[in-house]
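Structural features, examined
Chain by chain, the residues:
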Amino acid sequence: MRMVVANWKMNHLRRDAEAFCASLLGAYKPVDGVVAAIAPPFPLIPVVSRLVAGSAVRVYAQNAHAEAKGAYTGEVSMAMAMDAGCTGVLLGHSERRQYNGETEATLLPKVKAAAAQGLLPMLCVGETLAQRDAGATLDVLRGQLSILAQAPEGPIAVAYEPVWAIGTGRVATVEQIAEVHAFIRKELLALMGPRGGDVPILYGGSVTPDNFQDILKVPHVAGGLVGGASLDPAKFLKLLDIAA
Ligand code: PEP
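Calculation criteria
- Residues numbered from 1 in each chain as written.
- Predicted model: local features only at pLDDT ≥ 70, side-chain atom pairs only at ≥ 80, totals over all residues.
- UniProt positions renumbered as here; feature names shortened; annotations may be inferred.
- Helix = DSSP H or I, 4+ residues; strand = E, 2+ residues; numbered from the N terminus.
- Rg over C-alpha atoms; globule rule 2.2 N^0.38 Å.
- Buried ≥ 20, exposed ≤ 12 C-beta atoms within 10 Å, placed from the backbone.
- Contact = placed C-beta atoms within 7 Å.
- Core = buried A, V, L, I, M, F, W, Y, C linked by C-beta atoms within 7 Å.
- Near = placed C-beta within 6 Å.
- Nonpolar A, V, L, I, M, F, W, Y, C, P; charged D, E, K, R; others polar.
- Axes fitted to C-alpha atoms, helices over the stretch in contact; angles between N-to-C directions.
- Left-handed = near helix turned anticlockwise from the far one by under 90°.

- Taking an unreviewed UniProt entry as the reference, the protein is identified by name as Triosephosphate isomerase belonging to Mesoterricola silvestris.
- Of the comments in the UniProt record for the protein, the one headed Catalytic activity (unreviewed entry) reads "D-glyceraldehyde 3-phosphate = dihydroxyacetone phosphate".
- Taken directly from UniProt, the Sequence similarities (unreviewed entry) text for the protein runs: "Belongs to the triosephosphate isomerase family."

A short note on the overall build of the protein
- On a plain count of helices and strands, the protein comes out with 10 helices and 8 strands.
- What you see for the protein is a C-alpha radius of gyration of 17 Å, in line with the 18 Å of a compact globule of 244 residues.
- Its C-alpha atoms give the protein principal-axis dimensions of roughly 45 × 45 × 35 Å.
- Burial statistics for the protein: of 244 residues in total, 45% are counted as buried.
- Within the protein, residue pairs in contact and separated by at least 24 positions form 72% of the contacts whose partners lie at least 6 positions apart.

Describing the nonpolar core
- Grouped together as the largest cluster of nonpolar side chains are 79 residues, with contacts concentrated most on Val 5, Ala 37, Val 48 and Val 89.
- Ignoring anything within four residues of it in the chain, the contact list for Val 89 reads Tyr 60, Ala 61, Asn 63, Ala 64, Met 78, Ala 81, Ala 114, Leu 119, Pro 121 and Met 122.

Digging into the UniProt feature "binding site: substrate" (unreviewed entry) in the protein
- Within this structure's numbering, the places UniProt gives as "binding site: substrate" (unreviewed entry) are Asn 7, Trp 8, Lys 9, Gly 167, Ser 206, Gly 227 and Gly 228. These annotated residues cover 222 residues of sequence, and their C-alpha atoms all fall within 13.9 Å of one another, placing them together at a single site.
- Checked against the element boundaries, Gly 228 lands in the loop between strand S8 (223-226) and helix H10 (233-243).

What to know about the site of the ligand
- In the vicinity of the ligand there are 13 residues, among which Ile 166, Gly 167, Gly 204, Gly 227 and Gly 228 approach most closely.
- Residue composition of the shell around the ligand, by class: 5 nonpolar, 7 polar and 1 charged.

Some remarks on the packing of helix H7 (residues 137-145) against helix H8 (residues 174-192)
- Two elements in contact, H7 and H8, have axes separated by 11 Å at closest approach and are oriented at 35°. Considering only the axes of H7 and H8, their crossing is right-handed. From H7, Thr 137, Leu 138, Leu 141, Arg 142 and Leu 145 reach across to H8, where they touch Val 180, Phe 183, Ile 184, Glu 187 and Leu 191.
- By residue class, the composition of the contact of H7 with H8 is 7 nonpolar, 1 polar and 2 charged.

Description of the UniProt feature "active site" (unreviewed entry) in the protein
- Per the UniProt annotation, the sites labelled "active site" (unreviewed entry) are His 93 and Glu 161. On the basis of their most widely separated C-alpha atoms, the annotated residues across 69 residues gather in one place, lying no more than 8.3 Å apart.
- Looking at where His 93 falls in the secondary structure, it is placed in the loop between strand S4 (88-91) and helix H4 (94-99).
- Overall, His 93 belongs to the buried group, with 27 C-beta atoms counted inside 10 Å.
- If we skip the residues at most four places from it in the chain, His 93 touches Gln 62 and Cys 124.
- On the secondary structure map, Glu 161 appears in the loop between strand S6 (157-160) and H8.

Have a look at this one:
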């Protein structure tokens, strides 16, 4: 299975989402084994869900809270994300680790809550440039992945996104991606047993239609988590084509 996930981050208003979905659905031909998903900002989740209803396009949340409900002003629960039309949720994106203090301690309950709700948790991991330069990449990833030793039952996905490659135009080399994806697979097998072999591992970081083909050839790369290029429906369609 391959996946192409559009992370819109904090971009787009309703009219942009409507235009995007109209262009996408006008040309999108679903292919067996290729998952297309859009992760819009919260207010656009019901909008996109309604527009893609009846198509194969899935909708993910960019985050959600671990608690089921209660006094958590400004938060959105897994059940609310699902109720709005999501089938998956990004967890631990590096921007949330950086700006919202997400850590392994906050992410494990989120992974469990997502799975309990029936949402696909997509755990994002990745090292900063300073960590890579210090030779700490694999140690950082080992720490971020460690929560999967307590992975709940059910499907789970991982996205490797080197922080220095996100939104910078500086894509990791295929050698760097190959090294890390092989390492992640090894860790997943050690942490989760044989089911770790089935976890899709996506790459993210300045993915474009120009580099995606080469990235997809790397062993253990099951698709792309795409920020900037996913805002343009023509580029998203191209990426889906390449994954097919
Ligand atoms: C992302 O935010 O998940 C991402 C990979 O962004 P970009 O494609 O813009 O680097």
